[in-house]
2 protein chains.
Amino acid sequence: MKDRDEYYMREALKEARKALSAGEMPVGAVVVCGERIVARAHNQTELLNDATAHAEMIALTAAMSYLNAKYLPDCTLYVTLEPCSMCSGAVYWSKLGRLVYGASDMQRGYEHLHCPLHPKTRVRSGVLAEEAAKLIKDFFKDKR
Amino acid sequence: MKDRDEYYMREALKEARKALSAGEMPVGAVVVCGERIVARAHNQTELLNDATAHAEMIALTAAMSYLNAKYLPDCTLYVTLEPCSMCSGAVYWSKLGRLVYGASDMQRGYEHLHCPLHPKTRVRSGVLAEEAAKLIKDFFKDKR
């Protein structure tokens, strides 16, 4: 399971790199259902001029649309950064089966803010966290 | 100011009634900028088959699109029910100027869950709360 998580997290990291190239905050996500990637997204707040266009929001909505399902109990969301309160709320409403994230977000992360997930959502954190965190550091370094 | 808040909340209640008629959880929202309604929305989780399609999410994204602005510091969001953690997170990212809501949500409301808003967002609660709460009670009564 560990290697499989790293495999999908590398796909999420590819998405994060697309965001970085586009001048977006480099966060990427994929949704996996039955070993298949059913949605992939990266942060598009600049492109869409929408402060809510986080990778997780776009990926979850795309997965629901693709699967024609309002809930995602059999899916895993891989995201390079710990979700914020908004995205953890979306995870809650989607009844997601499993959340796997990379780097922790001590400022806006849902765990730090004590925002609850759905009790049935299993969580694994820290997967390829250094790579995810480095992308974000590089982004803010370029901003200065 | 009080009467003006009630005026706009009545517009949000109209949206909530549209949701009820459509078999959706009856929550409605409008975004006001300079006394003008720039976005209106109601819950569309059933129609869009998307558990994240809450009134506030749709209204905030529509307002950003209409105003061509990523942030909404000069806007007020009127919503008939206390926002959940997801929607309060969207309010946070939008840097909303003011939030006015109707009924409290003791289960999923952001205040109950202690999810933070942006420090600059002013809040007023309880505006036409009974009307908003009655719509939700009617919805769940019909579901049983």
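Everything discussed here concerns the structure shown above.
Within each chain, residues carry numbers counting from 1 in the order of the written sequence. Starting at A for chains and at 1 for ligands, labels are handed out in the order in which the entities are written. Selection of residues for local features in this predicted model requires a pLDDT of at least 70, selection of side-chain atom pairs for listing and counting requires 80 or more, and totals for whole chains, interfaces and linings are taken over all residues. Only hydrogens and water are removed before side-chain values are computed, so all heavy atoms of the structure are retained for them.

## A closer look at the relation of the copies chain A and chain B
Selection rule: Residues below a pLDDT of 70 in either copy are left out; the C-alpha atoms of the rest, at least 70 in both, set the least-squares superposition of the copies. Note on definitions: a residue-residue contact is assigned when non-hydrogen atoms from the two residues lie within 4.5 Å.
Superposition record for chain A on chain B: RMSD 0.0 Å, screw rotation 180 degrees, translation along axis 0.0 Å. What the superposition gives is, in effect, a two-fold axis relating one chain to the other. For chain A, the minimum C-alpha distance to the rotation axis belongs to M86 of chain A and amounts to 1.9 Å. A share of 100% of interface residues in chain A that are also interface residues in chain B marks the association as one of identical surfaces.

## Section: the sheet that holds strand β1 (residues 28-33) of chain B
Residue and element names in this part refer to chain B. We apply this condition: Paired strands are those between which DSSP finds at least two bridges. Strands are runs of DSSP state E lasting at least two residues, helices are runs of H or I lasting at least four, and both sets are numbered from the N terminus onward. In this description, a line fitted to the C-alpha atoms serves as the axis of each element, helices being fitted only across the stretch in contact, and the angle between N-to-C directions of two axes falls anywhere from 0 to 180 degrees.
Pairing is mixed across the open sheet formed by 5 strands, whose spatial order is β2-β1-β3-β4-β5. Two strands bound the open sheet, and with one partner strand each, they are β2 (36-42) and β5 (122-124). Neighbour-to-neighbour, the strand axes of this sheet turn through a mean angle of 15 degrees, independent of strand direction. As judged from the 5 bridges shared by β1 and strand β3 (residues 75-81), these two strands associate in the antiparallel manner. Its bridge partner being in β3, V30 is matched across the sheet by Y78. With respect to the sheet, helix α2 (residues 55-67) is in contact with β1, β2 and β3, its orientation differing from that of β2 by roughly 145 degrees.

## Some remarks on the environment of G102 of chain B
Residues and elements named next belong to chain B. Applied cut-off: The cut-offs for exposure are 20% and 50% of the maximum accessible area for each residue type, with area from a 1.4 Å probe on protein chains only; residues under the lower value are buried, those over the upper are exposed, and the others partly exposed.
Mapped onto the secondary structure, G102 falls in strand β4 (residues 98-103). For G102, a relative accessible area of 1% corresponds to the buried category. A C-alpha to C-alpha distance of 9.3 Å links G102 and L13, two positions 89 residues apart in sequence. Ignoring anything within four residues of it in the chain, the contact list for G102 reads M9, V79, T80, L81, S125, G126, V127 and A129.

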